[in-house]
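# Residue-level structure breakdown
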Amino acid sequence: MASFNTLSNEMKHRDREMVPKFLVIAMFALMAASLLLVGVARFTGRPVTSVVAHSDIVQEISVTLQGSRSEGIGVYDETGTQLAHSTDAKKGFIDVIWVAVTRERLVQNLSSDTPIRVVRRENGHVGILDDTTGWKIELIGYGKDNVAAFAKLLD
């Protein structure tokens, strides 16, 4: 019976020391410092610097995304001509955007077959706008192949 108590005490001690106390303190200190910095920035009126600067649209095309996850997603223009397909080389990002647009429309209980707009802005960035839901994405930081999947639609 004495060995059971010894083993039980060792397990309790080991479990208590699984995360060192200084790491827990450091975690809460980092959290408090982050909240303090954000609070000071909001209180002093510091402008938000992580927002993409506005740039006018210089070119756009309306397209419809149709298909399924198993067979891929086609990109069709207003006349019904297929411009691209997610199974084409380096076009898999089309599927990712289709999932995001479809999900947003499902959440808002809207039709999934209305067109979206692919736009090129004055600063050269490409964006995707869904006027049906108000959803939009600026294709910055998604990799050149992913951006090119939509940028080529404008060329």
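Look above for the structure.
Reading the values: the criteria
Residues numbered from 1 in each chain as written. Predicted model: local features only at pLDDT ≥ 70, side-chain atom pairs only at ≥ 80, totals over all residues. Heavy atoms only, no water. Axes fitted to C-alpha atoms, helices over the stretch in contact; angles between N-to-C directions. Helix = DSSP H or I, 4+ residues; strand = E, 2+ residues; numbered from the N terminus. Parallel < 35°, antiparallel > 145°, perpendicular 65-115°, else oblique. Contact = heavy atoms within 4.5 Å. Nonpolar A, V, L, I, M, F, W, Y, C, P; charged D, E, K, R; others polar. Core = buried A, V, L, I, M, F, W, Y, C linked by side-chain atoms within 4.5 Å. Buried < 20%, exposed > 50% of the residue type's maximum accessible area, 1.4 Å probe, protein only.

## Some words on the packing of helix H3 (residues 93-107) against helix H4 (residues 144-154)
Two numbers describe how H3 lies on H4: the axes approach to 9 Å, and their chain directions differ by 75 degrees. Considering their axes alone, H3 and H4 lie roughly perpendicular with respect to each other. From H3, Phe93, Ile94 and Ile97 reach across to H4, where they touch Asn146, Ala149 and Phe150. Residue composition of the contact of H3 with H4, by class: five nonpolar, one polar and no charged.

## A closer look at the nonpolar core
In terms of nonpolar packing, the biggest core is built from 23 residues, with Leu65, Ile94, Ile97, Val126, Ile128, Leu139 and Phe150 touching the most fellow members. For this core, the elements supplying multiple residues, two or more each, are strand S1 (57-68), strand S2 (72-76), H3, strand S4 (116-121), strand S5 (126-130), strand S6 (135-138) and H4. Broken down by element, the residue count for this core peaks at six residues, all from H4. Look past the residues within four positions of Phe150 in its chain and what remains in contact with it is Phe93, Ile94, Ile97, Val118, Val126, Ile128 and Leu139.

Function cannot be inferred from these measures alone, as they are strictly geometric.
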